[in-house]
Amino acid sequence: MGANEVDPRTSLAYLVLERLRIESGPDPVYDSANFSVRYGDDDVLFLDNLFEETAGCDETELAAHVEHFVATTIAANDDPGSWDAALPRLRPILKPSTYTIGAPPSGLLVSRRIFPLVDELVAVDSPGRRTVVSWETIAAWGVDPATVFSAARSNLATITVHADPSKGRAVQRLVDSGSSYFTSWLLDPGWLASHRGRFGCAPVAFVPDVDTVFVVPSDDPGVLAHHFELVERQYTHTARGLSPQAYTVDDDGTVVTFDTLHPENPGTERARCVHIAREYDAQSGWLRNQYDLDGVRSTVGTVSVKTTPFGPRTVTIWDQGIDSVLPRTDLVAFCGHASEPFYVQFEDVARITGIAPVFGLDPARFHASSWPTPDIVEDLAAHSIRID
């Protein structure tokens, strides 16, 4: 190592220190002898596993790993206090569906799916930190998850600010400095719907990262198209991405993804595909590491987004001769040794081949242990579709 080069272990430790100062306050200390970081009174983060997991990660991937590692580990270590003390400080938070992957077993986080590939968790809001609520914590409190989520939603309703009709049709942009829970406002029934009055139409919200919200009118195709592109760029270039999809309200005021009501909009399919691809990518890194540790030889299938005559679609590859765990995509490309690749819709693939989901993985994956028999390949080919 050159005189001016930084030891990669030390570099990782300083990223963890920086993240700890954001999550839990000042004064964490790096213990180089034990490759660990100490914070608080007697809490320690050991970094060996994190160092192995992040080998080869680029800067964005590394930042995401460090953020996840710090947040989930201190959630397991922090004491949020008694139920009575925590109750008024509970807040719902939105996180990607893969956020809880690899959380410490002692602090598995309480979460529920609220939108496609987006989960709702609950944090205890304290000065200088948020402690994400774990199953261990609610067991100590003696309350059930529904009570915790309900209390957090009730508290959220006291801090959301409904739209002012006098503000007109200007796009609203909210950027959280750390304590406003802006992206969580989507969970307050009526907040997004309140923008109908100032837009004169249904509102559309975007949450590209965990701190940013855009709200735009749904009846302006140019504005919508611009924000789909803007949000995709922001979502794909941050370690704190939340969703590239658009959200609106139905006739009952329920928040739903925009494609639920407007599947014809050209931006919705691409946003859905980009979202799926990124969440599977996040899962892939963790899963490869687990397979390496456990000696599992399956290849972890990847997701690509492909332009087709019927719009953007997600695609994965079933290669002949390779044992794979395949993501659930719109299409599966069959790449055999003796034929040109052909594409089959996933529903047909599952029905014809009988591949089963791998237990415990979310997003779901399916085990393709061997190349289908000739008669099954023939059946698959008969159900193939042209995409170019």
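Let me begin by describing the structure that accompanies this report. (Residues numbered from 1 in each chain as written. Predicted model: local features only at pLDDT ≥ 70, side-chain atom pairs only at ≥ 80, totals over all residues. Heavy atoms only, no water.)

Counting secondary structure elements, the protein contains twelve helices and 19 strands. Relative to the 2.2 N^0.38 estimate, which gives 21 Å for 388 residues, the radius of gyration of the protein is 23 Å and therefore close to what a compact globule would have. Projecting the C-alpha coordinates of the protein onto the three principal axes gives extents of approximately 65 × 60 × 50 Å. For the protein, the residues scored as buried account for 49% of the 388 residues in total. (Helix = DSSP H or I, 4+ residues; strand = E, 2+ residues; numbered from the N terminus. Rg over C-alpha atoms; globule rule 2.2 N^0.38 Å. Buried < 20%, exposed > 50% of the residue type's maximum accessible area, 1.4 Å probe, protein only.)

The tendency in soluble globular proteins is for nonpolar side chains to be buried side by side. Ranked by size, the top nonpolar core spans 22 residues in total, and within it F115, L186, W191 and L192 carry the most contacts. Apart from the residues within four sequence positions on either side, F115 is in contact with L94, L186, L187, Y247 and V255. (Core = buried A, V, L, I, M, F, W, Y, C linked by side-chain atoms within 4.5 Å. Contact = heavy atoms within 4.5 Å.)

The next subject is a negative patch on the surface. Residues D58, E59, E61 and D281 make up a contiguous surface patch of negative charge. Structurally, D281 can be placed in helix α10 (residues 266–294). (Patch = residues over 30% accessible without salt bridge, like charges linked within 9 Å, V, L, I, M, F, W, Y side chains within 5 Å. Areas by Shrake-Rupley, 256 points an atom, 1.4 Å probe, with all protein chains shown as cover. Salt bridge = Lys/Arg side-chain N within 4 Å of Asp/Glu carboxyl O. Lys, Arg positive; Asp, Glu negative; His and termini not counted. Charge placed at Lys NZ, Arg CZ, Asp CG, Glu CD.)

Each neighbour pair has its own omega, and for D362 with P363 the value is 5 degrees, a cis peptide bond. We note that L117 has phi near 65 degrees; this positive angle belongs to a residue other than glycine. Taking relative accessible area as the criterion, L117 reaches 14% and is therefore assigned buried. The phi dihedral of Y181 is positive, around 60 degrees, even though this residue is not glycine. Relative to the helices and strands, Y181 resides in the loop between β8 (172–175) and α7 (196–199). Exposure remark for Y181: the relative accessible area of 2% places this residue in the buried category.

Right, let's get into the side chain of Q283. Summarising the element assignment, Q283 is placed in helix α10. Looking at Q283, the relative accessible area reads 1%, which means it is buried. Among the polar contacts made by the side chain of Q283, one reaches the main-chain carbonyl oxygen of P363 at a distance of 2.8 Å. What Q283 contacts, discounting residues up to four positions off in sequence, is T98, I101, L361, D362, P363 and R365. (Polar contact = N/O pair within 3.5 Å; in protein donor to acceptor, adjacent residues only side chain to side chain.)

Function cannot be read off these values alone, since they describe shape.
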